[in-house]
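Chain by chain, the residues:
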Amino acid sequence: MGLFSRRDKAPKAAADDQPVLSSSHSKTSLTSASSSIVTPINTSSRILNRTSAGTTSTTGPGTPLTPFSPTGMNPMLPRVDMPRPPDPQLDPAGYLRSLGAVRERCQIVSSKALKNDLRHFDVDMRKFPDVVSFVANIIKRDYDAPFTSIPAHGRYQHFGVGGRDRIAHLLATWPEDMVDNTEKCKRMIDLFLVSVLLDAGAGTKWSYKSVENGRVYRRSEGIAVATLDMFKTGLFSGNPANKYQVDKEGLRQLTVEKLTQGLQSKPGSEMAGIEGRAQLLIRLSEALGNKEYFGEDGRPGNMLDHVLSHPSTQASSVIIVPLPVLWNVLMDGLAPIWPPSRTAINGVSLGDAWPCSSMPQPAQSPTSPTFSPFPNTTGQSNGIAPWESILPFHKLTQWLTYSLMQPMQTIMKIQFAGQELLTGLPEYRNGGLFIDMGVLTLKPEDQERGLQHYAEYCQRTGTKAVEVAPMFEPSDDVIVEWRGVTVGFLDMLAMEVNRTLKTELAGGELSLPQVLEAGSWKGGREIAEVSRPNTKEPPILIDSDGTVF
């Protein structure tokens, strides 16, 4: 097959079944420039036959992903006003933990990028059209116009690796007269939440042999299959009457050894940061003690009851839930799971939010790139408050939000208002795309420092340096700046891809989550396979604790 050869695509939806797609977020325009367009490789499988980079399963008939088909916000629904985020001057921690703060604060970094004024990266916006063409060509290669079969980005698709819809098969095993839709949705929320929390980059060595078919899977899809196998054995359940659930008692009994065994992590096939992942789930058992969100039995799926009964939820002909309702459950309810070393203001942990030197700096600001706890002060210095130097991402919480909406939308027919508040995910596939395509280039002094870190990492862990790349801690200023610009660039990418595909879209528009799913994340993986064929790793490595990426 040639570079533009196409495999079988997702089946076209019926004309009267087309979902309405939400609009892109960014209003930024790009200046065109001459460029050398990179064509997408033909290594990534289609939506019905998705495989992980490096898996041994690359072929086979696709099973339609029918339960969680693409959904969009119905334009005929009444307008729902979103609550305003907290005033940062009065409640800086509340503001930085809000979803609206992510895009707003990241725009500061991406605006500097457009002026080539970043501290750690040189920026060549002449290469941005290359990224747009690369992503647009991947979408055209893998989906039929007008691309309405593209699902929103979410964890569900990873369970379909190898063309088998494992979620559809699992749902079919539960008789409707014994397991109603509410319980099915709760079980999916249980499964997806644990699977997302475990999905933080598996490392280059790890692989998983499926209990179901003996095939080997890696990376995100491998973690999805492994989590599903553990879920079906009841590893996460403390209820003898229902092994298909996750609850505080089941997680309380979890150990590093049990998780290591369940993930098949062993010498020669170690999963990176497995102790951090295990501790994350053990801390989750404590968080699930919040009865307001998770009920008496401390089960993630019980958040469905909270969402449906919330005063701002509208129930008429359809159920409409303001997205901040779900967001607050995840941010507040899961707050205890984050490591205590994370950034905090006045003792309130901010989660995935970090000091960044590209943000406005008070006169006395932290100078260490690995700084984590924030001073217990809200006072201003030189007119800039300390909170202004913090850059929030909440990547894992956003990934959870994207993923948990899927079963609520498709099984319970819930409509979420305010989905446009979600941003592109600042992780190494999306961010790596812009580096491998030449838009971002790490500055020489940071490149040298990152290579030194990688050498020390290899010496410390006994890792063989196959394809050398700079490495940094998640809290390093390089990583924080990279993630900040990635959020802004993904908004721009979504807008430009829609412009490029205007004819094929025939009046429609791809949402940002669809561009993430069908283009940027997949494109980041594919270009990494070309750039580093032995490891398929991103251009910048993360010395991860298993709780960020």
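Residues numbered from 1 in each chain as written. Predicted model: local features only at pLDDT ≥ 70, side-chain atom pairs only at ≥ 80, totals over all residues. Heavy atoms only, no water.

**Student:** Just to check I follow, could you spell out the overall build of the chain for this structure?
**Tutor:** The secondary structure content of the chain amounts to 18 helices and 13 strands. In the chain, 79% of the contacts between residues at least 6 apart in sequence involve partners at least 24 apart. When the accessible surface of the chain is totalled, it reaches about 21,400 Å², and 50% of it is carbon and sulfur. (Helix = DSSP H or I, 4+ residues; strand = E, 2+ residues; numbered from the N terminus. Contact = heavy atoms within 4.5 Å. Areas by Shrake-Rupley, 256 points an atom, 1.4 Å probe, with all protein chains shown as cover.)

**Student:** Please explain the packing of helix α5 (residues 181-198) against helix α9 (residues 274-287) as it appears in this structure.
**Tutor:** Packed helices, taken two at a time, are described by their axes: the angle between them and the distance between them. Relative orientation of the contacting elements α5 and α9 amounts to 145°, with a least axis distance of 9 Å. In the crossing of α5 with α9, the sense of the turn from one axis to the other is right-handed. Residues Leu193, Val194, Leu197 and Leu198 of α5 form the contact with α9, whose participating residues are Arg277, Leu280, Leu281 and Leu284. Looking at the contact of α5 with α9 residue by residue, the class counts come to seven nonpolar, no polar and one charged. (Axes fitted to C-alpha atoms, helices over the stretch in contact; angles between N-to-C directions. Left-handed = near helix turned anticlockwise from the far one by under 90°. Nonpolar A, V, L, I, M, F, W, Y, C, P; charged D, E, K, R; others polar.)

**Student:** Just checking my understanding: could you explain the packing of aromatic side chains for this structure?
**Tutor:** The geometry of an aromatic ring pair is captured by two quantities: the separation of the ring centres and the angle between the planes. Scanning the model with the defined rule gives nine aromatic pairs in all. Where Tyr95 meets Trp387, the ring centres are 5.5 Å apart and the plane angle is 75°; that geometry is what we call edge-to-face. With Tyr95 in helix α1 (residues 92-96) and Trp387 in the loop between β8 (353-355) and β9 (390-392), this residue pair connects regions lying 292 residues apart in the sequence. Here the two residues Tyr95 and Trp387 agree in accessibility, since each one is buried. With centroids separated by 5.3 Å and ring planes inclined at 65°, the aromatic side chains of Trp174 and Tyr244 adopt a geometry described as edge-to-face. With a gap of 70 residues between them, Trp174 in the loop between α4 (166-172) and α5 and Tyr244 in the loop between α6 (219-233) and α7 (248-252) connect regions that are remote in the sequence. Side by side, Trp174 and Tyr244 carry an identical accessibility label, which is buried. Each residue in the set Phe128, Phe434 and Phe489 is aromatic and connected to the rest through ring pairs, giving one cluster. The ring of Phe159 has Arg155 lying over it, and the distance from NZ or CZ to the ring centre is 5.9 Å. Its guanidinium or amino end placed over the ring of Trp174, Arg187 lies 4.6 Å from that ring's centre, counting from NZ or CZ. (Phe/Tyr/Trp six-rings, centres within 6.5 Å; stacked < 30°, edge-to-face > 60°. Buried < 20%, exposed > 50% of the residue type's maximum accessible area, 1.4 Å probe, protein only. Lys NZ or Arg CZ within 6 Å of the ring centre and 35° of its normal.)

**Student:** Even after reading the chapter, I still don't get the sheet that holds strand β4 (residues 314-315), so can you show me in this structure?
**Tutor:** The strands making up a sheet are joined through hydrogen bonds of the backbone, oriented either antiparallel or parallel. The three strands are arranged β4-β5-β10 in an open sheet whose pairing can be described as mixed. The two strands at the open ends of the sheet, each matched to only one other strand, are β4 and β10 (414-417). (Pairing = 2+ DSSP bridges.)

**Student:** Looking at this model, I keep getting lost on unusual backbone geometry. Mind explaining?
**Tutor:** Working note: non-glycine residues mostly have negative phi, and peptide bonds are mostly trans. A cis geometry characterises the amide bond from Ala145 onward to Pro146, with omega recorded as 5°. With respect to the helices and strands, Pro146 occurs in the loop between α3 (128-142) and α4. We note that Phe147 has phi near 70°; this positive angle belongs to a residue other than glycine. With respect to the helices and strands, Phe147 occurs in the loop between α3 and α4. When its relative accessible area of 1% is taken as the criterion, Phe147 is described as buried.

**Student:** Please explain the confidence of the model for the chain as it appears in this structure.
**Tutor:** Interpretation of this model should avoid reading the predicted coordinates in detail wherever pLDDT is low. Taken over all residues, the pLDDT of the chain has a mean of 84, while the share at 70 or more is 81%. pLDDT under 50 marks residues 10-37. Its contacts with residues more than four places away, or in other chains, come to 59 contacts. For residues 43-67, every residue scores under 50 in pLDDT, and the model assigns this stretch 87 contacts once sequence neighbours within four places are set aside. (pLDDT = per-residue confidence, 0-100.)

**Student:** Please clarify how the nonpolar core should be interpreted in this entry.
**Tutor:** Generally speaking, soluble globular proteins have nonpolar side chains that are buried together. In terms of nonpolar packing, the biggest core is built from 130 residues, with Met303, Met408, Leu440, Phe489 and Leu493 touching the most fellow members. By size, the runner-up hydrophobic cluster in this structure holds 10 residues, among which are Ala93, Tyr95, Ile345 and Ala353. (Core = buried A, V, L, I, M, F, W, Y, C linked by side-chain atoms within 4.5 Å.)

**Student:** It is not clear to me how the environment of Ile540 should be interpreted in this structure. Could you clarify?
**Tutor:** Inspection of the secondary structure puts Ile540 in the loop between α18 (512-531) and β13 (541-542). Separated by 112 residues in sequence, Ile540 and Tyr428 place their C-alpha atoms 7.7 Å apart.

**Student:** So what exactly am I meant to see when it comes to the side chain of Ser98 here?
**Tutor:** Looking at where Ser98 falls in the secondary structure, it is placed in the loop between α1 and α2 (100-114). The exposure class assigned to Ser98 is buried, which follows from its relative accessible area of 10%.

**Student:** I would appreciate a short explanation of the pattern of salt bridges in the present structure.
**Tutor:** Any two side chains of opposite charge can pair if their charged atoms end up close together. This structure, assessed with the given rule, holds 24 salt bridges. With a closest N to O distance of 2.8 Å, Arg97 and Asp332 form a salt bridge. You can see Arg97 sitting in the loop between α1 and α2 and its partner Asp332 sitting in helix α12 (residues 323-333), a full 235 residues away along the chain. Judged by its relative accessible area of 37%, Asp332 is partly exposed. The salt bridge involving Arg155 is made with Asp199; its shortest N-O contact spans 3.3 Å. In this pair, Arg155 is assigned in the loop between α3 and α4 and Asp199 in the loop between α5 and β2 (208-209), connecting sequence segments 44 residues apart. The pair formed by Arg155 and Asp199 is uniform in burial state, with each residue classed as buried. Taken together, the salt bridges that share partners define one network made up of Arg141, Asp142, Lys522 and Glu526. (Salt bridge = Lys/Arg side-chain N within 4 Å of Asp/Glu carboxyl O.)

**Student:** For this particular structure, what's the right way to read the pairing of β10?
**Tutor:** Along any regular strand, the residues point their side chains to alternate faces of the sheet. Here β10 shows two buried faces, one formed by Ile414 and Phe416 and the other by Gln415 and Ala417. In the sheet, strand β5 (residues 319-322) pairs with β10 via four bridges, with the strands oriented parallel. Opposite Ile320, over in β10, you have Gln415 as the bridge partner.

**Student:** Would you mind showing me how to read the pairing of β5 here?
**Tutor:** One ladder, built from two bridges, connects β4 with β5; its direction is antiparallel. Bridging from a neighbouring strand, Ala315 pairs with Ile319 of β5.

**Student:** Explain the side chain of Asp352 to me, please; I cannot follow it from the model alone.
**Tutor:** Turning to its location among the elements, Asp352 is positioned in the loop between β7 (348-349) and β8. In this structure Asp352 touches Arg342, Leu391, Pro392, Phe393, His394, Lys395 and Arg483, once residues within four positions along its chain are discounted.

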